[in-house]
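So the chains spell out like this:
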Protein chains: 2
Amino acid sequence: MKIIDGKSVSEHLLADISLKLQSQKKNRSPHLAIIMVGKHPASETYVNAKIKTCEKYGFKGTLYHFPETITEKKLLDEIQKLNDYHEVDGIIVQLPLPKHISENQVIETISPQKDVDGFHPVNIGKMAKNLPALLPATPGGILELLKFYQIETAGKHCVVIGRSNIVGFPMSILMGRNSYPGNCTVTMCHSKTQNLEFYTQNADIIIAAAGQPELIKGNMVKEGVVVIDVGIHRVPDKTKKSGFKLIGDVEFDTVAPKSSFITPVPGGVGPMTIAVLLKNTFETWLQSNK
Amino acid sequence: MKIIDGKSVSEHLLADISLKLQSQKKNRSPHLAIIMVGKHPASETYVNAKIKTCEKYGFKGTLYHFPETITEKKLLDEIQKLNDYHEVDGIIVQLPLPKHISENQVIETISPQKDVDGFHPVNIGKMAKNLPALLPATPGGILELLKFYQIETAGKHCVVIGRSNIVGFPMSILMGRNSYPGNCTVTMCHSKTQNLEFYTQNADIIIAAAGQPELIKGNMVKEGVVVIDVGIHRVPDKTKKSGFKLIGDVEFDTVAPKSSFITPVPGGVGPMTIAVLLKNTFETWLQSNK
C-alpha cells in the first residue's frame, strides 16, 4: 500500500510551473482574478490561501470583493471588464453567490479563455470531445496524481461515486476518454445507484466524491484497488487539540490495507486543486500575447 | 418481449410537431439549412431524405452544396452568413468534410443557437451540466423511445457500448443525469474495455453503439434487459432480392427472446434521428422572433 502524497505532488507541480514561468520573457506575471460576493468566513480562508499561493510561486492574485447587495447585472458587467482587461489571465468566482444571482449566468459570462476553474459549458464540452480545454481543477488534480504515480488506467474499471458538476461528472468523462490517464471502463454511481458495493467491489480504481463521510468501507473494495478520496468532512475528536479531525468519503483504516494506492484526507486531493488552478492560469497567460 | 417501433414513434413525434407548428402564428416555416461539401452518393441520399421529411411536415429544408475545393475560410464565412440569416433556424453540416477542412472548426463556427445537430461544445457542455441544450439527434431519439414506452430508468444499470462523440459519449452522460430518462448507474464501455460480457450481463439497459456487427449475443445479456441497438451494417444475403440485409450491433435472434424491450434494425433508432433533428429545428424556430 502506497500513500498518494498530494501535498508534495502539488508542490512539485507548482515549483515546476514557477521555473517555467521564470524562463519566459514576459513583462508581467500570470494574474488570477478572484471574485467574491458578500461575507463568508470559510470562503475568505480559501481566497486568502489562493492569493498566498499565487504570491509564493510568482503569480499575481487579486481579490475583487463585492457587497452582498450587488445586482446580477452589475456583477456580470464587472466580469465583462475582467474579460476585456488584458492583464488578467484567469477569472474565478468563489461560490456560493447570493440567491438573487444566477450561478450559471455568472459562469457563462466568464470568457472561456479565462475560465481557469473549467466550469464554462465550452470547456466542459471540449473536455467531453477530447479537445484541448481548461480542465476543472479538482478532476485535473486527480489526473496529475495518477500521472505522477504512473498508475495504469487503460482497460481498468474505474468507479466514480457522486455526479457533481465540479468533480464527479467531469471525472467520469475524463477517465473514459481515449487518453492517459483515461481509457477506463467507467461506472458513474450516485445517490440513485442501487447496490453500490456491487460496483465498488469490482473496481480497479475508485474515485469517491459523494460528499458522505466514510461511505466506502473495507468490505466494499477488492485487494489492490487504487482509491482517490475527494471527500473532506470535519468531525468532533476529543483527542485533538482543535477538537475535531478531518475525514473523507472513504473509511481509511479499513480500506487502506487492501489498496495499492490511496489518497489520505487531508493531504491527498485537496492540495492539487489549487495547483491545477495555477497551472490553468499559467497556460492562459502563456497564450496571451499582452 | 416487446419490439420498440422507432418508425411509428418517429412518425408520431413528427405529426405532433407538425400540429404544434400549424397552431403557431408565424409568417414563415422552420428552416433547416444543410451544408454539404463535395460529392458523396451516400450523403446525398441522406440529405435528400432530410429535405423530403422537412417538406412532408411543414418545414423548409435547403441544401447548400459547395465544391470539394472550397477553402476552409470560405466555408466558415458561408456558415457565418447562415448564422446571421434570420430566416434560417437550424444549420447542420453533412459529414465527411474534405481533409483540408477542420471538422471541429466548422462545428464550432455554427451558432450554438442554430446547432440542431447538438455537436457544438456549448451544447455538449450544457447537456453535461443538465442545463437546457440542443441534444445530439441520435441520443435525443433514444431518450424519446424510452419515454414513449415509459421504460423505467432511475436506479437501473445502463451499459453504453462505444464512446463516439455523436452517440456513445453523449448517451452515457444523458443516462446518468438527474432527469427522466436518466438517473441510471451508467457504465461506459469501449474498445479498451476488458471482459465486456461482465458488464452486459449485469445491465438492465444496454445501448449498443460500438459499430461492430452482432457484437452483443444472447449469452451476454440477462433476462428482462432493455436493448437499444444503434448499429447498422449491410451484410450479403442471397435470400433477399437486394442481395443484402441490414443488421445491428446486437445479434437479434439470440438477444430478443431474453429482452423486455428491443429495437429492431432497421426501424428502431434510425428513424428517430431525423425526427429529433426536426424537433430541434422546431425549438430554435419557436425561440426566434423573426
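Every value quoted in this text rests on a predicted model; they were computed, and no experiment measured them. (Residues numbered from 1 in each chain as written. Chains lettered and ligands numbered in written order. Predicted model: local features only at pLDDT ≥ 70, side-chain atom pairs only at ≥ 80, totals over all residues.)

Draft legend 1. Representation of the overall build of chain A. Scanning chain A from terminus to terminus reveals 10 helices and 11 strands. For chain A, whose C-alpha radius of gyration is 19 Å, the value lies close to the compact-globule estimate of 19 Å for 290 residues. Each principal axis of the C-alpha distribution contributes one length, and for chain A these read about 55 × 40 × 35 Å. When burial is assessed residue by residue, chain A has 49% of its 290 residues classed as buried. Pairs at least 24 residues apart make up 69% of the contacts formed inside chain A by residues separated by at least 6 positions. (Helix = DSSP H or I, 4+ residues; strand = E, 2+ residues; numbered from the N terminus. Rg over C-alpha atoms; globule rule 2.2 N^0.38 Å. Buried ≥ 20, exposed ≤ 12 C-beta atoms within 10 Å, placed from the backbone. Contact = placed C-beta atoms within 7 Å.)

Draft legend 2. Highlighting the pairing of strand β2 (residues 31-37) of chain A. Residues and elements named next belong to chain A. Within β2, six of the seven residues are buried, which leaves the element mostly enclosed by the surrounding structure. A crossover connection joins β2 to the parallel strand β3 (residues 60-66) through helix α2 (residues 41-56); in handedness this β-α-β unit is right-handed. As paired elements, β2 and strand β4 (residues 90-93) share four bridges and run parallel to each other. By the bridge assignment, Ala-33 is partnered in β4 with Ile-91. (Right-handed = clockwise from strand over helix to strand, strands pointing away. Pairing = 2+ DSSP bridges.)

Draft legend 3. Molecular detail of the environment of Leu-135 of chain B. With respect to the helices and strands, Leu-135 of chain B occurs in the loop between α5 (121-128) and α6 (137-148). In this structure the C-alpha to C-alpha distance between Leu-135 of chain B and Val-116 of chain B, which are 19 residues apart in sequence, comes to 7.7 Å.

Draft legend 4. Structural context of the relation of the copies chain B and chain A. Rotating chain B by 180 degrees and translating it 0.0 Å along the rotation axis places it on chain A, where the RMSD comes to 0.1 Å. When the rotation and shift are considered jointly, the pair of chain copies conforms to a two-fold rotation axis. (Least-squares fit on C-alpha atoms with pLDDT ≥ 70 in both.)

Draft legend 5. Representation of the interface of chain B and chain A in the model. With 26 residues of chain B at the interface, the matching set in chain A holds 26 residues. For the side of chain B that touches chain A, the secondary structure elements donating two or more residues are α5, α7 (168-176) and β6 (185-189) of chain B. With seven residues, the top contributor of residues to the side of chain B that touches chain A is α5 of chain B. Within the side of chain B that touches chain A, the residues separate by chemical class into 11 nonpolar, 11 polar and four charged. Direction of pairing for strand β6 (residues 185-189) of chain A relative to β6 of chain B: antiparallel, over a ladder of three bridges. In the sheet register, Met-188 of chain A faces β6 of chain B, and the bridge partner there is Val-186 of chain B. (Nonpolar A, V, L, I, M, F, W, Y, C, P; charged D, E, K, R; others polar.)

Draft legend 6. Spatial organisation of the packing of helix α6 (residues 137-148) of chain A against helix α10 (residues 270-287) of chain A. Residues and elements named next belong to chain A. In contact at an axis separation of 8 Å, α6 and α10 are set at 105 degrees when each is read in the N-to-C sense. Looking at the two axes, α6 sits roughly perpendicular to α10. Together, Ala-137, Thr-138, Gly-140, Gly-141, Ile-142, Glu-144 and Leu-145 of α6 and Met-272, Thr-273, Ala-275, Val-276 and Leu-277 of α10 make up the contact between the two elements. Its residues placed into classes, the contact of α6 with α10 shows seven nonpolar, four polar and one charged. (Axes fitted to C-alpha atoms, helices over the stretch in contact; angles between N-to-C directions. Parallel < 35°, antiparallel > 145°, perpendicular 65-115°, else oblique.)

Draft legend 7. The arrangement of unusual backbone geometry in detail. Put simply, Tyr-180 of chain B and Pro-181 of chain B share a cis peptide bond, and its omega is -10 degrees. Along the polypeptide, Pro-181 of chain B turns up in the loop between α7 and β6. Here Val-265 of chain B and Pro-266 of chain B are connected by a cis peptide whose omega angle stands at 0 degrees. Mapped onto the elements of the fold, Pro-266 of chain B is located in the loop between β11 (259-262) and α10 (270-287). We note that Asn-183 of chain A has phi near 60 degrees; this positive angle belongs to a residue other than glycine. Not every positive phi belongs to a glycine, and Gln-150 of chain B is a case in point at roughly 50 degrees. With respect to the secondary-structure elements, Gln-150 of chain B resides in the loop between α6 and β5 (157-161).

Draft legend 8. Examining the sheet that holds β6 of chain A more closely. Read across the open sheet, the 12 strands follow the order β1(A)-β11(A)-β8(A)-β7(A)-β5(A)-β6(A)-β6(B)-β5(B)-β7(B)-β8(B)-β11(B)-β1(B); overall the sheet is mixed. The open sheet has two edge strands with one neighbour each: β1 (2-3) of chain A together with β1 (2-3) of chain B. Pairing of β5 of chain B with β6 of chain B, which is carried by five bridges, proceeds in the parallel orientation. Considered in β6 of chain B, the bridge of Val-159 of chain B is made with Thr-187 of chain B. Against the sheet, α7 of chain B touches β6 of chain A together with β5, β6 and β7 (205-208) of chain B, its axis set at about 170 degrees to β5 of chain B.

Draft legend 9. Geometry of the nonpolar core. Core analysis: the biggest nonpolar cluster contains 158 residues, and Val-160, Ile-206, Ile-207 and Ala-208 of chain A together with Val-160, Ile-206 and Ile-207 of chain B have the highest contact counts within it. The residues contacting Ala-208 of chain A, other than those within four sequence positions of it, are Ile-161, Leu-215, Ile-216, Ile-228, Asp-229, Val-230, Gly-231, Asp-249 and Val-250 of chain A. (Core = buried A, V, L, I, M, F, W, Y, C linked by C-beta atoms within 7 Å.)

Draft legend 10. The arrangement of the sheet that holds strand β3 (residues 60-66) of chain B in detail. All names here are of chain B. One open sheet accounts for three strands, arranged β3-β2-β4; its pairing is parallel. Across the chains shown, the open sheet's two edge strands, defined by having one partner strand only, are β3 and β4 (90-93). Across this sheet, the average inter-strand angle for adjacent strands is 20 degrees, counted without regard to direction. As defined by bridge partners, strand β2 (residues 31-37) adjoins β3 across seven bridges and the pair is classed as parallel. Following the sheet pairing, Met-36 is matched in β3 by His-65.

Draft legend 11. Broad picture of the pairing of strand β11 (residues 259-262) of chain A. Residue and element names in this part refer to chain A. Bridge analysis of β1 against β11 gives two bridges, and the strand direction is parallel. Paired with Ile-3 across the two strands is Ile-262, which belongs to β11. Bridge count between strand β8 (residues 225-229) and β11: three bridges; the pairing is parallel. Its bridge partner lying in β11, Val-226 is registered against Phe-261.

Keep in mind these numbers describe shape, not what the thing actually does.
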